[in-house]
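# Report on the structure
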Amino acid sequence: MKKVVLAYSGGLDTTVCIQWLKDRGFSVIAYCADVGQGEDLRQARRRALACGAVKAVVHDLREEFARDFVIPSLKANAAYEGKYLLATALSRPLIAKYLGDVARKEGAGTVGHGCTGKGNDQVRFEVTLAALAPELEVVAPVREWELKSREEEIVYAQKHRLPIKISKKSPYSLDQNLWGVSIECGALEDPWTEPPEEAYRWTRSPLASPKAPHYVNVDFERGVPVGVNGKRIGLTKLIQQLNGLGSRYGVGRTDLVEDRLVGIKSREVYEAPAGTILQTAHRELESLTLHRELLEFKEIVGQRYARLIYDGLWYTPLKTALDGFIEQTQRGVTGTIRMKLWGGTAVPVGRKSKHALYRKNLATYGAEDTFDQKAAAGCIKIWGLPYRNSGRVHSSHLDR
Ligand code: ARG
């Protein structure tokens, strides 16, 4: 019998996938990854087996996700199209890597996923598998089947007596993990409509956040957040803690029309409270410790890095090469940023680092000033030389 390892979430789509694959002669092994989505995977496991999966494998990947996927992205300050912190996009290559591993271990020739043909996730799964396990076949039932709506899927599930929980239909499509929530569909499909409050999953409305601001100090070592308010704390816990805190202050909401890899523009809403606090703080620490030329060039690298994450190119030579550059930039990114959370904002209000390039004696207008103001004249004379020259050549400002 042909074996398939299916990426299984416990939701309706992937539950129907199990039956659909069985009907096509596959013996199905369900693979559930915990990337911090906050769902009960023991229940997903039971459901997979109840649907006729021959085996269900559950891995807790939270620590690896945080360390090897979230952190490189944070070091790069990656934000797709300037706004999306890439929670969903970062989780796909990790899950796909394990799908491939499990398939090899189980002697399965095929892996499956429940992505539609219109999104980015299919690309991320399949490009990762192509790179890491090129011998495997991929099957994507949702791209192939005739079921046209959620209602038809429910009818199909009921016909096959699949143990689905028919909850009141939420109009939104959700994907969550440690780094954030991605929300689409429903009212969000009209880009003129403001996201209804009920579309948000984690964050309180900024209007309902506590009146008094909350201050939090984030400690970094070589670009990695290692502590909160002076207390060292493991990465997963640290992210969870800042998610909780940020959510209370309405921090980390974004609303954007983004460009999918398949050419569609789509309106999506994201929540990433910890991501927003950490990336804002990380950028601030870089401002304090890196030179202007490096900051400017690193910004370009970060944009490119965000796009390659979005496009599913995690396991590629470009990613590895950019990591080399980014890692080199982080050697002095050690210090503490004091963040002020209030009314949906996370603003840096204090910064310190033993590698700070800020020098008070150069910046001050007070008595400790050691800057040689007379030397500025010569600097400007040379800097402005090309324009003094052209100023003499051209007669009117129109020629300049
Ligand atoms: N648009 C985002 C992305 O491409 C989020 C996708 C959400 N995925 C989902 N299965 N609902 O990364």
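Throughout what follows, the structure given in this document is the object of discussion. (Residues numbered from 1 in each chain as written. Predicted model: local features only at pLDDT ≥ 70, side-chain atom pairs only at ≥ 80, totals over all residues. Heavy atoms only, no water.)

Looking only at helices and strands, one finds 14 helices and 14 strands in the chain. The burial tally for the chain puts 49% of its 400 residues in the buried class. Taking the contacts inside the chain whose residues are at least 6 apart along the sequence as the reference set, 71% of them involve residues at least 24 apart. Summed over all atoms, the accessible surface of the chain reaches about 20400 Å², with 54% contributed by carbon and sulfur. Each charge class in the chain was averaged separately, 58 positive and 47 negative side chains, and the resulting centres sit 4 Å apart. (Helix = DSSP H or I, 4+ residues; strand = E, 2+ residues; numbered from the N terminus. Buried < 20%, exposed > 50% of the residue type's maximum accessible area, 1.4 Å probe, protein only. Contact = heavy atoms within 4.5 Å. Areas by Shrake-Rupley, 256 points an atom, 1.4 Å probe, with all protein chains shown as cover. Lys, Arg positive; Asp, Glu negative; His and termini not counted. Charge placed at Lys NZ, Arg CZ, Asp CG, Glu CD.)

Turning next to the sheet that holds strand E3 (residues 55-60). The sheet built from five strands is open, its strands ordered E3-E2-E1-E4-E5 with parallel pairing. Two strands bound the open sheet, and with one partner strand each, they are E3 and strand E5 (137-139). Averaged over all adjacent pairs, the angle separating strand axes in this sheet is 25°, with direction ignored. Relative to strand E4 (residues 110-112), strand E1 (residues 2-7) is paired through three bridges, and the arrangement is parallel. When the sheet's bridge partners are listed, valine 5 is paired in E4 with valine 111. (Pairing = 2+ DSSP bridges. Axes fitted to C-alpha atoms, helices over the stretch in contact; angles between N-to-C directions.)

This part is about the pairing of strand E9 (residues 224-228). Taken across its five residues, E9 has four buried, putting it largely inside the fold. Note: strand E8 (residues 214-221) against E9, four bridges, orientation antiparallel. Looking across to E9, one finds that valine 218 is bridged to valine 228. Two successive antiparallel strands, E8 and E9, enclose a turn made up of two residues, where arginine 222 displays a positive phi of approximately 50°. Two strands pair when backbone bridges link them, and E9 and strand E10 (residues 231-232) are joined in this way by two bridges, in the antiparallel orientation. Of the residues in E10, the one forming a bridge with glycine 227 is arginine 232.

Quick look at the environment of glutamate 153 now. By secondary structure assignment, the location of glutamate 153 is in helix H7 (residues 150-159). Look at glutamate 153 and you get buried, because its relative accessible area is 7%. Separated by 93 residues in sequence, glutamate 153 and aspartate 60 have C-alpha atoms that sit 29 Å apart. Leave out the neighbours within four places in its chain, and glutamate 153 touches Leu12, Asp13, Val16, Trp145 and Leu147.

Attention now moves to the packing of helix H3 (residues 62-75) against helix H4 (residues 87-106). One can describe the packing of H3 onto H4 by two numbers: an axis separation of 10 Å at closest approach and a directional angle of 135°. Regarding the angle of H3 to H4, the classification is oblique. Relative to H4, the crossing made by H3 is right-handed. In contact with Glu64, Phe65, Phe69, Val70 and Ser73 of H3, H4 contributes Ala87, Leu90, Ser91, Pro93, Leu94, Lys97 and Tyr98. (Parallel < 35°, antiparallel > 145°, perpendicular 65-115°, else oblique. Left-handed = near helix turned anticlockwise from the far one by under 90°.)

Below, the discussion takes up the sheet that holds strand E14 (residues 345-352). Strand order across the open sheet formed by five strands is E10-E9-E8-E13-E14, with antiparallel pairing between neighbours. Sheet topology places E10 and E14 at the edges, where each strand pairs with a single neighbour. As paired strands, E8 and strand E13 (residues 335-342) are joined by seven bridges and run antiparallel to one another. Bridge pairing links valine 218 to isoleucine 337 in E13. On the sheet, helix H8 (residues 235-248) packs against E8, E9 and E13 and is oriented at approximately 65° with respect to E9.

Turning our eyes to something else, we now look at the site of the ligand. In the neighbourhood of the ligand, 15 residues make up the surrounding shell, with Tyr84, Asn120, Arg124, Glu258 and Glu268 lying closest. Residue aspartate 121 places a side-chain N or O atom 3.0 Å away from a nitrogen atom belonging to the ligand. Here glutamate 258 contributes a side-chain N or O atom positioned 2.7 Å from a nitrogen atom of the ligand. When the ligand sits alone it has 350 Å² of accessible area, and the protein chains cover 87% of it. Counting residues per element, the ones that place at least two in the shell around the ligand are H4, helix H5 (121-132), strand E6 (173-177), strand E7 (180-184) and strand E12 (265-271). Considering every element that reaches the shell around the ligand, the biggest residue donor is H4, with three residues. Of the residues contributing to the shell around the ligand, the split by class is four nonpolar, four polar and seven charged. (Near = heavy atom within 4 Å. Polar contact = N/O pair within 3.5 Å; in protein donor to acceptor, adjacent residues only side chain to side chain. Nonpolar A, V, L, I, M, F, W, Y, C, P; charged D, E, K, R; others polar.)

This paragraph deals with the packing of helix H9 (residues 273-289) against helix H10 (residues 292-310). In contact at an axis separation of 9 Å, H9 and H10 are set at 150° when each is read in the N-to-C sense. Seen along the crossing, H9 lies across H10 with a hand that is right-handed. Here His282, Arg283, Glu286 and Ser287 of H9 come into contact with H10, specifically with Leu295, Lys298 and Glu299. Partitioned by chemical class, the residues of the contact of H9 with H10 number one nonpolar, two polar and four charged.

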